[in-house]
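Letter by letter, the chains look like this.
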Amino acid sequence: MFEYSEFNIAPWGWEIAVYFFLIGTAGMTFVYAAAPAVFGNIFGGIARSMEPFQRVGMFVALVLLLICTPLLIVDLGQPSRFLYPILHFHWTSPLSWGALFLPLFGLSILVFLFALWKDKQGWLKPIGILGMLLGLSMPLYTGLDLMVHQTRELWSNSTIPVLFVILSVSSGTALAALIQLVRGKFDDKTREFLHWFLYVSVATTFALFLGEWVTLMFGSEELQQAWAIINDQYSLQFWVLTFLVGILAPLVMVAVPKLCRSPQLITLAAVLSAVGAYNFRAVLIYAGQLTQIYY
Amino acid sequence: MPLGLQAPPSLGVPGKKRWAMVIDLRRCIGCMACVCADKAEYDVPLGVWRTIVKVKDTGQFPNTKRHFMPRLCNHCDNPPCVRNCPTEATYKHEDGFVLQRYERCIACRTCIAACPYNARHVLPKNRDRVKIGGVVDKCTFCNHRVEEGLLPACVQTCLGRSRIFGDLNDPNSEVSRLVARHSVVTLKPEKGTAPQVYYIRPDRVNTEQIRSQPVSYAAKSDAAAFYRHNRGSKFFSGVL
């Protein structure tokens, strides 16, 4: 049977998946680091448990930003034109908004660090609120960047931006927990605070995963094809690394009271959920594109 | 009006042109002259195409049929590539062309991801003769020729007269008559892109998402080898 076809490569590879993961992690790390200044005594002052994380968290968010921004720029075909999305701003493109918010987010981190260094307490709350919004806009815009592709059915639904924000909560929690554990500053309050966030994020991820699963199984032609691609090329990443390792295992660990009292196990659950957060994103990005090159 | 376009859709708008192409698949013989004409007109490098003719066989011997499917940019009236471009490098011309400004393109490849017709590609970074590289490229409906009163290169060279080009807003044009008289088909109309390449008598193996999937995977392995060899030096990362 003769067949002749063209295969233009699908455009987004591992660089984009890693960037989406790192920028989301940076955003949530900022949220944790700024939480004591922003929330203060609200909710019984539990956010104050992250006070030891403030300086180091901000610094780590900055480092993540310094890793993933050059990665995104180098991935461009024309790296020297990286400011064009701002200079030639196109308001219907989430990429333009992302390019605008990314440096502002970096600036928020720098100003927050400066305020901490100079002990300007009055600055911390407003900069913290602004930085939190900008930080959470990072995973939000990456999700929107996929969602607006009306022709990619795997991406074009309103759960994708929400999912990406939730996945960032998981990966940010993993980083915060790991740092606090290594520094020996993982006290009961910290555990309670991080446990709550992790529980909500993993449980929501589980619900959204089930939603994706059902949508794919009962979907249109393109979704059926995406489902076949996921089960064929990405079954390990989707079923093992995302579902079993990244969602089910941490969900059990945070839900069972005996297990979630241990800082080590909470940290392990968070790290596993971060593994799931990366792989879930990567599978969605890759499989969403592959249906295109088969047409 | 669809959001984010530089020019409103011109189909059916009095006093405006709406350039479109009709591809009569009863007349296509799969000679690939259109592909060659396009390669020659624009020095399109190896590994990428502005237009292509997909070939598929169906049936079991002795009841078989070979299907040809010329593919190119559909110059949509509601192009998702234009809306998603962060720099307005790709834009919509008031006569319906969807064009590319190379000097503004950053090759973020969002437009490639947005295109449902796989009609865009990245030009390799280091080219020998034409110096335009490291940017996204696509079929332009040969707007430089059309504006001079000529036909697009692929239409000019089509020896079966399978490709017909003209102004769909002109009721006396050949494309208008063909679209009016035949039950024409556009690709993926359900995506809301309003594509402006109309096919006469295409086969389901070439128009439906599930059926159009390659069977042999020979093309895929060829492409995989090509990109493996050229990745980094000439082409970008990505998935196959």
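Up top is the structure.
Section: the environment of P152(B)
Residues and elements named next belong to chain B.
Point 1. For P152, the position within the fold is in the loop between α4 (143-146) and α5 (153-157).
Point 2. Along the backbone, P152 and F141 are 11 residues apart, and their C-alpha atoms lie at a distance of 6.0 Å.
Point 3. Among residues more than four places away in sequence, those in contact with P152 are F141, C142, R145, V146 and F165.

Some words on the layout of surface pockets
Residue and element names in this part refer to chain A.
Point 1. Each pocket or cavity is described by its volume, and for the largest pocket that value is around 500 Å³.
Point 2. Lining the largest pocket are 29 residues, and of these T69, L72, I73, A99 and L102 lie nearest its centre.
Point 3. Element by element, the count of residues in the lining of the largest pocket is highest for helix α4 (residues 94-117), at 8 residues.
Point 4. For the lining of the largest pocket, a count of residues per class yields 23 nonpolar, 4 polar and 2 charged.

Overview of the pattern of salt bridges
When charged atoms on two side chains of opposite charge get close, those side chains can pair.
Residues and elements named next belong to chain A.
Point 1. Counted according to the given criterion, the structure contains 18 salt bridges over all chains.
Point 2. Measuring nitrogen to oxygen at the nearest pair gives 4.0 Å for the salt bridge that ties E222 to R152. In this pair, E222 is assigned in helix α8 (residues 221-233) and R152 in the loop between α5 (121-147) and α6 (159-183), connecting sequence segments 70 residues apart. Each member of the pair E222 and R152 is classed as buried.
Point 3. Close ionic contact of D188 with R191 constitutes a salt bridge, the shortest N to O distance being 3.8 Å. Residue D188 and its partner R191 are located together in helix α7 (residues 188-217), separated by 3 residues, close to a single helical turn.

Describing the pairing of strand β1 (residues 19-24) of chain B
Residue and element names in this part refer to chain B.
Point 1. Counting buried residues along β1, 6 of its 6 residues qualify, which places the element largely inside the surrounding structure.
Point 2. Side chains of β1 alternate between two faces, with W19, M21 and I23 and A20, V22 and D24 buried alike.
Point 3. Where β1 meets strand β8 (residues 163-167), 5 bridges bridge the pair, whose relative direction is antiparallel. Bridge pairing in β8 links W19 to D167.

Some thoughts on helix α8 (residues 218-230) of chain B
Point 1. With 13 residues, α8(B) should cover 18 Å at 1.5 Å per step; its first-to-last C-alpha distance of 18 Å lies within 8% of that length.
Point 2. The complete set of buried residues in α8(B) reads A219(B), K220(B), A223(B), Y227(B) and N230(B). Each buried residue of α8(B) sits inside an arc of 105° when the element is viewed along its axis, so together they form one side. Turned more than 90 degrees away from the buried face of α8(B), the exposed residues are D222(B), R228(B) and H229(B).
Point 3. As for α8(B), its buried residues are in contact with α8 of chain A.
Point 4. In the stretch just after α8(B), G232(B) is the one whose phi turns positive, near 95°.

Focus: the packing of aromatic side chains
Point 1. The final tally for this structure, using the stated rule, is 30 aromatic pairs over all chains.
Point 2. Note on Y32(A) and F193(A): the rings are 6.0 Å apart at their centroids and 70° apart in plane angle, and the pair reads as edge-to-face. Residue Y32(A) is located in helix α1 (residues 14-39), and its partner F193(A) is located in helix α7; the two are separated by 161 residues in the primary sequence.
Point 3. Overall, the relative accessible area of 8% leaves F193(A) in the buried class.
Point 4. On the numbers, 4.7 Å between centres and 15° between planes, the contact of F209(A) with F243(A) is stacked. Here F209(A), found in helix α7, pairs with F243(A), found in helix α9 (residues 235-255); they are 34 residues apart in sequence, far enough to count as distant. When sorted by exposure, F209(A) lands in the same class as F243(A), which is buried.
Point 5. Through a chain of ring-to-ring contacts, three or more aromatic side chains come together here, namely F206(A), F209(A), W213(A), W227(A), F238(A), W239(A), F243(A) and F280(A).
Point 6. Note that R101(B) overlies the ring of Y91(B), its terminal NZ or CZ placed 4.5 Å from the centroid.

About the cut-offs
Throughout this document, residue positions are counted from 1 along each chain, in the order its sequence is written. To read the labels, note that chains go from A and ligands from 1, taken in the order they are written. It should be noted that, the model being predicted, local features are given only for residues of pLDDT at least 70 and side-chain atom pairs only at 80 or more, the latter also being counted only at that level, while totals for whole chains, interfaces and linings use all residues. Values shown for side chains rest on all heavy atoms present in the structure; no hydrogens or waters enter the calculation. Going along the chain from the N terminus, every DSSP run of H or I of four or more residues is numbered as a helix, and every run of E of two or more is numbered as a strand. It only takes one pair of heavy atoms within 4.5 Å for two residues to be counted as in contact. The way it works is a 1 Å grid over only the protein atoms, where trapped points that fit a 1.4 Å probe form a cavity and open points with protein on both sides within 12 Å along at least five of seven lines form a pocket, and then any residue with an atom within 4 Å of a point lines it. Grid points are joined across faces, edges and corners, and a volume is the space filled by probe spheres set on the points. Each residue is assigned to one of three groups, with Ala, Val, Leu, Ile, Met, Phe, Trp, Tyr, Cys and Pro labelled nonpolar, Asp, Glu, Lys and Arg labelled charged, and all others, Gly among them, labelled polar. Note on definitions: salt bridges are taken to be side-chain nitrogens of Lys or Arg within 4 Å of carboxyl oxygens of Asp or Glu. Three exposure classes are used, based on accessible area relative to the maximum for each residue type with a 1.4 Å probe and protein chains only: buried under 20%, partly exposed in between, and exposed over 50%. Strands were regarded as paired on the criterion that DSSP finds at least two bridges between them. A helix's residues, less one, multiplied by 1.5 Å, set its expected span. The directions from the helix axis to the C-beta atoms are what the arc is built from. Only Phe, Tyr and Trp rings are paired, with Trp represented by its six-membered ring, and only when their centres lie within 6.5 Å; those with planes under 30 degrees apart are stacked, over 60 edge-to-face, the remainder tilted. When the NZ atom of lysine or the CZ atom of arginine is within 6 Å of a ring's centre and also within 35 degrees of its normal, the charge is said to sit over that ring.

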